Amino acid sequence: MKHDLDVISAGTNSILMVDDDPAALEELVDIVDMEGWTPLTATSVDQAMEMLAVTPNIGVVVTDVHFGGGHDDTANGIQLISRAQARFPDRQLSFVVLSGDPDALCSSVQTGAVDFLNKPLDPDELVSAIQTAWKSRGHERTGSELTAFLLTKMQKTAHALKEAQENLHKAAQKENDRKADN
């Protein structure tokens, strides 16, 4: 589907958010808008590339990893990062990746994402990630910075998984206790 996009005269703090889930996209817009930044949206990688082409003052792209439109290489956030960096090498774009898939962490960061946030989204983490992305202006991390970042994210992910496992165990125990009482 072709989108009729005109050049958008957004502020210098424009943030492009890319997600095929309307509810998730609305949540992102609300968070970005409350911070006083200019939210722009796209629902696919191709639409995001069009937005980047007509809106040169986008500095940060917040993208989901997985899109439901298929499994080709144009339907994921990692491919969006690669395509945008190749097409706009002088734009100093910074990327924040959102995913519920911990396996996407390394590939996201290796392609140049400034941050990787787990879903469900914590609004404060998103704001912090966007602020970091603005400061980085597309510059890559050193090897030691990348290692420290990945270690921190993996520790947070491991903690979240442990917490989820404990919650599942508690819920199963409650269910077993409830069945035993009946």
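Look up: the structure comes first, before these words.
Just so it is clear, the model here is predicted, and its values are computed rather than measured.

Conventions we followed
- Residues numbered from 1 in each chain as written.
- Predicted model: local features only at pLDDT ≥ 70, side-chain atom pairs only at ≥ 80, totals over all residues.
- Heavy atoms only, no water.
- Helix = DSSP H or I, 4+ residues; strand = E, 2+ residues; numbered from the N terminus.
- Buried < 20%, exposed > 50% of the residue type's maximum accessible area, 1.4 Å probe, protein only.
- Contact = heavy atoms within 4.5 Å.
- Pairing = 2+ DSSP bridges.
- Axes fitted to C-alpha atoms, helices over the stretch in contact; angles between N-to-C directions.
- Phe/Tyr/Trp six-rings, centres within 6.5 Å; stacked < 30°, edge-to-face > 60°.
- Lys NZ or Arg CZ within 6 Å of the ring centre and 35° of its normal.
- Arc of directions from axis to C-beta.
- Polar contact = N/O pair within 3.5 Å; in protein donor to acceptor, adjacent residues only side chain to side chain.

**Q** It is not clear to me how the overall build of the chain should be interpreted in this structure. Could you clarify?
**A** When helices and strands are tallied, the chain shows six helices and five strands. Each helix and strand of the chain, placed in order from N terminus to C terminus, yields the pattern β-α-β-α-β-α-β-α-β-α-α. Going through the 182 residues of the chain one by one, you find that 37% of them count as buried. Contacts spanning at least 24 positions in sequence make up 68% of the contacts within the chain whose residues lie at least 6 apart.

**Q** Teacher, can you tell me more about the sheet that holds strand β3 (residues 58-64) here?
**A** The strands making up a sheet associate through backbone hydrogen bonding, with each pair oriented either parallel or antiparallel. Taken in spatial order, the five strands line up as β2-β1-β3-β4-β5 in an open sheet, and their pairing is parallel. Whereas interior strands pair on both sides, the edge strands pair on one side only; in this sheet they are β2 (38-42) and β5 (115-118). When strand polarity is set aside, the average angle formed by the axes of neighbouring strands in this sheet is 20°. Bridge count between strand β1 (residues 14-18) and β2: five bridges; the pairing is parallel. Residue pairing for β2: methionine 17 is matched across the bridge by threonine 41.

**Q** Would you mind going over the packing of aromatic side chains with me for this structure?
**A** The geometry of an aromatic ring pair is captured by the separation of the ring centres together with the interplanar angle, meaning the angle of the planes. The final tally for this structure, using the stated rule, is zero aromatic pairs. Here the basic side chain of arginine 91 rests over the ring of phenylalanine 88, its NZ or CZ set 5.0 Å away from the ring centre.

**Q** Help me understand helix α3 (residues 77-87) in this model?
**A** Note: α-helices contain 3.6 residues per turn, so residues at a spacing of three or four share the same orientation. Taken as a whole, α3 has its buried residues at Gly77, Ile78, Leu80, Ile81 and Ala84. What you see down the axis of α3 is that its buried residues fit within an arc of 160°, all on one side. The residue sitting at the N-terminus of α3 and contributing the capping side-chain oxygen is asparagine 76; that oxygen lies 2.9 Å from the backbone nitrogen of isoleucine 78.

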